Amino acid sequence: MTLNLSVSPDFPPAHLSGWFIFNTWLQRQLGTGVHLELYDGFEEQRKDIRNGKIDLIYANPYDASMLVRELGFKVLVRPRNRADETVIAVRQDDERNSVEDLESGITIATTADPDVHTMGMIMLESADLDKNNVTFREYDNYVLVAKALLNGQADVGFFLKAGYDELSDLVRSKTKSLVNSQISVVHHTLVVGPRMQEHVELLTERLLGMEEDPKGREVLKSMGLDGWDLMEEEQTEFMIDLIDTLID
Amino acid sequence: MSEHDTGSVREVLIKYFDSTERLAKIVDREVPYPDGKLIVSRTDPSGVITHANRAFIEMSGYAREELLGVNHYILRHPDMPAVAFKDLWDTVAQGKKWQGYVKNLRKDGAYYWVKATVIPNIRNGELVGYTSVRRKPSRSKIKESEALYETLR
Ligand SMILES: Cc1cc2nc3c(=O)[nH]c(=O)nc-3n(C[C@H](O)[C@H](O)[C@H](O)COP(=O)(O)O)c2cc1C
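The structure displayed is predicted, hence computed values, not measured ones.

Brief notes about the overall build of chain B
For chain B, the count of helices and strands is 4 helices and 7 strands. Counting from the amino terminus, helix and strand elements in chain B follow one another as β-β-β-β-α-α-α-β-β-β-α. Taking 15 Å as the expected radius of gyration for a compact globule of 153 residues, we find that chain B reaches 15 Å, a close match to that expectation. Projected onto the principal axes, the alpha-carbon positions of chain B cover approximately 50 × 30 × 30 Å. Here chain B holds 153 residues, and the buried ones make up 50% of them. In chain B, the share of contacts with a sequence separation of at least 24, taken over all contacts with a separation of at least 6, comes to 51%. On chain B, roughly 7,500 Å² of surface is accessible, and the fraction owed to carbon and sulfur atoms is 54%. Computing the positive centroid from 25 side-chain charges and the negative centroid from 20, chain B places the two 4 Å apart.

Digging into the overall build of chain A
For chain A, the count of helices and strands is 10 helices and 11 strands. Relative to a compact globule of 248 residues, whose C-alpha radius of gyration would be 18 Å, chain A shows 19 Å and is just as compact. Over its C-alpha atoms, taken along the principal directions, chain A stretches across nearly 60 × 35 × 30 Å. Measuring between centres, the 24 positive side-chain charges of chain A sit 6 Å from its 44 negative side-chain charges.

Observations concerning the domain arrangement of chain A
Residues and elements named next belong to chain A. According to the domain assignment, chain A contains domain 1 (3-82 + 185-246) and domain 2 (86-180). The straight-line distance from the C-alpha centre of domain 1 to that of domain 2 is 28 Å. Taken together, the contact between domain 1 and domain 2 spans 11 residues of the former and 8 residues of the latter. Area buried by domain 1 at its contact with domain 2 is led by F42, Y62 and L246, which between them contribute 55% of it. In this assembly, domain 1 and domain 2 are joined by 0 salt bridges. Seen at the junction of domain 1 and domain 2, the total is 0 residue pairs in polar contact (both at pLDDT 80 or more). For the side of domain 1 that touches domain 2, the elements supplying multiple residues, two or more each, are α2 (42-50) and α3 (61-69). Of the residues that constitute the side of domain 1 that touches domain 2, the class distribution is 6 nonpolar, 3 polar and 2 charged.

Side note on the site of the ligand
Residues and elements named next belong to chain B. In the neighbourhood of the ligand, 15 residues make up the surrounding shell, with F17, R76, F85, W89 and N104 lying closest. The contact in question runs from a nitrogen atom of the ligand to an N or O atom on the side chain of N104, over 2.7 Å. Protein chains shield 93% of the accessible area of the ligand, which is 610 Å² for the free molecule. Where the shell around the ligand is concerned, the elements lending two or more residues are α3 (82-93) and β7 (126-135). With 3 residues, β7 is the single largest residue contributor to the shell around the ligand. When its residues are assigned to classes, the shell around the ligand shows 8 nonpolar, 5 polar and 2 charged.

As for a nonpolar patch on the surface
Residue and element names in this part refer to chain B. On the surface, a cluster of nonpolar side chains totalling about 250 Å² of accessible area is made up of V83, L148 and L152. Relative to the assigned elements, L152 resides in helix α4 (residues 139-152). By relative accessible area, L152 is classed as partly exposed at 40%.

A closer look at the sheet that holds strand β11 (residues 228-230) of chain A
Residues and elements named next belong to chain A. Spatially, 6 strands are ordered β2-β1-β3-β10-β4-β11 in an open sheet, and the strand pairing comes out mixed. The open sheet has two free edges, formed respectively by β2 (34-37) and β11, since each of these has just one partner strand. Strand-to-strand, the axes of this sheet are offset by a mean angle of 25°, without reference to chain direction. Of the strand pairs in this sheet, strand β4 (residues 74-79) and strand β10 (residues 189-192) are connected by 3 bridges, and their pairing is antiparallel. Its bridge partner being in β10, K74 is matched across the sheet by V192. Relative to the sheet, helix α1 (residues 16-30) contacts β1 (3-7), β2, β3 (56-59) and β10, its axis offset from that of β2 by approximately 160°. Here α3 sits on the sheet and contacts β3, β4 and β10; the angle it forms with β3, its principal contact strand, is near 140°.

As for helix α9 (residues 214-223) of chain A
Residue and element names in this part refer to chain A. Listed in full, the buried residues belonging to α9 are G216, V219, L220, S222 and M223. Looking down the long axis of α9, one finds its buried residues gathered within 160° of arc, a one-sided arrangement. Among the exposed residues of α9, those oriented more than 90 degrees off its buried face are P214, E218 and K221. Tucked into the core, α9 has its buried residues touching α1 and β11. Positive phi shows up at G224, right after α9, with a value of about 75°.

Considerations on a negative patch on the surface
Residue and element names in this part refer to chain A. A surface patch of negative charge is lined by E37, D40, E44, E138 and D140. You can see D140 is positioned in the loop between β7 (135-138) and α5 (142-150). You can call D140 exposed: its relative accessible area is 75%.

Overview of the nonpolar core
If you look at soluble globular proteins, the nonpolar side chains tend to sit buried side by side. In terms of nonpolar packing, the biggest core is built from 58 residues, with L124 and F159 of chain A touching the most fellow members. Those residues within four positions of F159 of chain A in sequence are excluded, and the remaining contacts are E85, T86, V87, A89, V116, Y142, V145, A146, L149, Y164 and L167 of chain A. One finds Y33, I74, A110 and V118 of chain B within the second-largest nonpolar core, a separate group that totals 30 residues.

Quick notes on the rules
Residues numbered from 1 in each chain as written. Chains lettered and ligands numbered in written order. Predicted model: local features only at pLDDT ≥ 70, side-chain atom pairs only at ≥ 80, totals over all residues. Heavy atoms only, no water. Helix = DSSP H or I, 4+ residues; strand = E, 2+ residues; numbered from the N terminus. Rg over C-alpha atoms; globule rule 2.2 N^0.38 Å. Buried < 20%, exposed > 50% of the residue type's maximum accessible area, 1.4 Å probe, protein only. Contact = heavy atoms within 4.5 Å. Areas by Shrake-Rupley, 256 points an atom, 1.4 Å probe, with all protein chains shown as cover. Lys, Arg positive; Asp, Glu negative; His and termini not counted. Charge placed at Lys NZ, Arg CZ, Asp CG, Glu CD. Domains from an automatic or database assignment. Buried area = accessible area lost by both parts, 1.4 Å probe. Salt bridge = Lys/Arg side-chain N within 4 Å of Asp/Glu carboxyl O. Polar contact = N/O pair within 3.5 Å; in protein donor to acceptor, adjacent residues only side chain to side chain. Nonpolar A, V, L, I, M, F, W, Y, C, P; charged D, E, K, R; others polar. Near = heavy atom within 4 Å. Patch = residues over 30% accessible without salt bridge, like charges linked within 9 Å, V, L, I, M, F, W, Y side chains within 5 Å. Pairing = 2+ DSSP bridges. Axes fitted to C-alpha atoms, helices over the stretch in contact; angles between N-to-C directions. Arc of directions from axis to C-beta. Core = buried A, V, L, I, M, F, W, Y, C linked by side-chain atoms within 4.5 Å.

What follows is the structure in structure tokens.
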């Protein structure tokens, strides 16, 4: 039986080839066929997840919540030092220097990334901003969010911190960040579905050993990761509880 | 921080639901909520703190060891009306999410406002405790809450 691997559409495009390399590594470790299925959109991917098409997924924290609580998936590991943090930025020459300087009627450049969008909106609450008094423009990635800011199509941009840090120096220097989330316990995870049950033990062992092995290290590097840390069940539940408090 | 802060210091005897009490120093000085942070704590089903994150420790002014094992009422500010917490407990007892604005008392007697969300933690169908996550409230919500709580005390 061929297993299906997928990756949350919010991964940095620079690491696309890394996920194909990981897929090949995975087939070798498990001695079974693995197919990598990638999606442009979150909704499309969620539909396939609900239809039972996906066995293993590098999931954003919001989808991990659905996978674990509704679909009986299990979180195995998290990437080390890769918490999902959100940056709210404006243009460098903008007179506004804090979230509280923002007023109703602003236009926000955002993405479909549920993680970053939710956290961005939470950080705007202190300025009495919510979805009823702002306008959204949705873009496919953070480079486009930055462009929208710079060319004046939006007042404010929501970025995944990693995405903001990967903007070119030139582009980033034309923006300034108003606030940076510092949550540290919300992050992506590698999650397995019911059909993966027989592989869980071996897979966990191999994932944790990747950083010790030269080949494994190469694979990690191509995905832009330092290594994997084991997620205990209670750590996962805690993260999901926390996310539950953030969504209405 | 708040325009009517006077910095005045008073002593108030706070009586808790379990009939314990303590004489607390109350300083009329607000400590601003830190941008971008979430204050996170967890309790057992009776409200005894079992987990505190760094932001919670920094804002409350207590050391982690002073928080773990004590009831969450250690943060109770005398300006908070009892009905607010009754509403909290009634809501989570029904398995629902509670949200509200809370004025908290720091160890040094100063205060900080939060927008708090509390949810029950269910594991294998059983209640094992509660999680509370606080975020930065807006000035207008703080003002509204101050006015409302004044009428409820
Ligand atoms: C998860 C959780 C978090 C709580 N956080 C606070 C808090 O930050 N501040 C506070 O005054 N009470 C908090 N409470 C409510 C207290 O347990 C308590 O009901 C309240 O302080 C009133 O105390 P009293 O009933 O002894 O007067 C929390 C309760 C729970 C379950």
